[in-house]
Amino acid sequence: MITFEDVVKIYPGGSTAVDHLSMELPTGKMTVLVGPSGCGKTTSLRMINRMVEPTSGRILIDGRDVAGQDEALLRRGIGYVIQHAGLFPHKTVLDNVATVPLLLGKTRREARAAALELLERVGLAAEFAGRYPAQLSGGQQQRVGVARALAADPPVMLMDEPFSAVDPVVREGLHREFLRLQQDLGKTIAMVTHDIDEAIKLGDRVAVFRQGGHLAQFGTPQELLEQPVDDFVAEFVGRDRGLRSLSFDTAADLPVSPLTDGGAELVLDEAGRPVGWRLGGVVQPTAGVFTKADSLRMVTDLAIMSPVGVAVRVGADGTADGLVRHHDLVDFLATRRDRRAAEQEA
Amino acid sequence: MNLSYLFDAAHWDLSAPGGFPQLILAHLGYVALALLIGTVIALPVGLWIGHTGRGSFIAINSGNAGRSLPTLGLLMLMVTLLGLGLTPVLIALTVLVIPPILTSAYAGMRSLDHRVVDAAKGMGMRPWQVLFKVEVPMALPVLMSGFRSAALQVVATATVAAAVGLSGLGRLLIDGLAVNDYSRVLAGAIVVAVLAVLLDLLLALVQRWIVSPGLSGRAQPRSRRATT
């Protein structure tokens, strides 16, 4: 756990970068620090590994004040990933990844073996090991950057805009891989981004900062979307937050209607799998199907896309077992909202 | 054009006093000493100025000031102050060597990608590790270009040693002029020029050997196919 205790950072010249920040970043979770530029999120991150020293207040990792520790030793125990990866251009990919194990006193052979394993883990084949950073694409460099930060298996990782320098398609892939990696590794991660969508997608917790180094809100992505504490957070999270918050709930509790209630005939194949809707003698394909495990957002999307405004649910075997109509969905969401509000009151 | 002096085998005899081998050896000796002393002085200062950003006016102005000093004039001044000998020659040549090395060390350090240096610190390198494992290797191409230009200048200018009674290839120029033996003067000029080219080639090889392929662009460019 990383604990900020009333941390203040005032730069020489008097500008306040971080203003009385207190928060707890839970162990094994990913906390994303997000906010507009100049909000102190990067400064806060860099105070964890003492790249920046706080003016007052304390930062503790698992109860130990970082201020009392040897800077270099502290940093070797914390993975560090930065924008554009910051790879050493004069070293091969393998030696880049082997850096921290070597600093920790591993032999060259051990360090390289560990590095090779890590490269595989981030999806880079062994053929990349002997290349230099200049020979890699931005996405590949960023993966090497992540591998380098993981090489010594640190319990804590700091990531400063790690995915912002690559194009959206590559970023999407990196996000997926990173989530999978984090699921296996369970590191305590603090990540900075200016992209709220990235924060919502990757964060177990999100800390929204506002100008002047104030923490505006700290909570799960769902809390942020559904209960922003003020207009700033609501604005920052975005206008379609209602729709996006549907990503966090599954369709498990969503009631369905019988297959005959669609307003048109649902055509099934011999096995009972939905094929399409018969409309005026023509069979139009369904827009897709959902299962109980899919999100409410997906159900909403299907209902909108469907030629008859009805989303089709299937069981595990792919056979149709229920329908959700526009108005069923609207009713359900209204009840859900009222229930949430009631919980909030209580 | 009279190349008879240059191609006279007797002048290439290893043991002949005043022959090419001995003159070249003495010449290279002055060059090596001046480069060594100049590097020992200028490199740490340049690295320090570049690393800290403090005193950058020294790095910039010393380059201009040093280049505008006439070496022969400086040598005569030193001889007047210190008397004849190796010391005044080495001082004059070292003053010539310092500016390009100092300036390139400074420029090399200033041109570093600060993100890479930030990553090095953030990974837990100590300041001297950051300097020697990251900053200096990355600055090497610029450092080497400064060293090579210093070497070229000092090879050409070390001929002044002969003006104050020392050896080196300058002997051919001074003595040849004194006795109107233009074949000898020409031979001296050619040997100095060839020596300069050979030394630069040698240093180019050294550079190729010590600069990482990741920096020199010798590593083949990445393929365009794989983009992720």
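Here the structure is a predicted model, which is why all the values come from computation and not from measurement. (Residues numbered from 1 in each chain as written. Chains lettered and ligands numbered in written order. Predicted model: local features only at pLDDT ≥ 70, side-chain atom pairs only at ≥ 80, totals over all residues. Heavy atoms only, no water.)

A. Quick peek at the side chain of Asp328 of chain A. Residue and element names in this part refer to chain A. Within the fold, Asp328 resides in helix H13 (residues 326–345). A polar contact of 3.2 Å, which involves the side chain of Asp328, links it to the side chain of Ser257. Every residue in contact with Asp328, bar those within four places of it in the chain, is listed here: Ser257 and Leu323. (Helix = DSSP H or I, 4+ residues; strand = E, 2+ residues; numbered from the N terminus. Polar contact = N/O pair within 3.5 Å; in protein donor to acceptor, adjacent residues only side chain to side chain. Contact = heavy atoms within 4.5 Å.)

B. Examining the side chain of Thr193 of chain A more closely. All names here are of chain A. If you trace the backbone, Thr193 turns up in strand S8 (residues 188–193). By relative accessible area, which is 1% here, Thr193 ends up buried. At 2.9 Å, the side chain of Thr193 forms a polar contact with the side chain of Glu198. If near-sequence neighbours (up to four positions away) are discounted, Thr193 is found in contact with Val32, Leu33, Val34, Gly35, Lys41, Glu161, Glu198 and Ala199. (Buried < 20%, exposed > 50% of the residue type's maximum accessible area, 1.4 Å probe, protein only.)

C. Structural context of the UniProt feature "transmembrane region" (unreviewed entry) in chain B. Within this numbering scheme, the UniProt entry marks residues 24–50, 71–102, 150–173 and 185–206 of chain B as carrying the feature "transmembrane region" (unreviewed entry). For the annotated span residues 150–173 of chain B, helix accounts for 50% and strand for 0% of the residues, and the straight-line distance between the end C-alpha atoms is 22 Å. (UniProt positions renumbered as here; feature names shortened; annotations may be inferred.)

D. Structural view of the pairing of strand S7 (residues 156–160) of chain A. All names here are of chain A. Burial of S7 is extensive: five of the five residues sit out of reach of the surface. Residues Val156, Leu158 and Asp160 line one face of S7 and the alternating positions Met157 and Met159 line the opposite face, and both faces are buried. Where strand S6 (residues 78–82) and S7 come together, five bridges link them in parallel fashion. Counterpart to Val81 in the pairing with S7 is Met159. Bridge analysis of S7 against S8 gives five bridges, and the strand direction is parallel. Each residue of the ladder has a partner; that of Asp160, found in S8, is Val192. The β-α-β motif built from S7, the intervening helix H7 (residues 168–185) and the parallel element S8 has right-handed crossover chirality. (Pairing = 2+ DSSP bridges. Right-handed = clockwise from strand over helix to strand, strands pointing away.)

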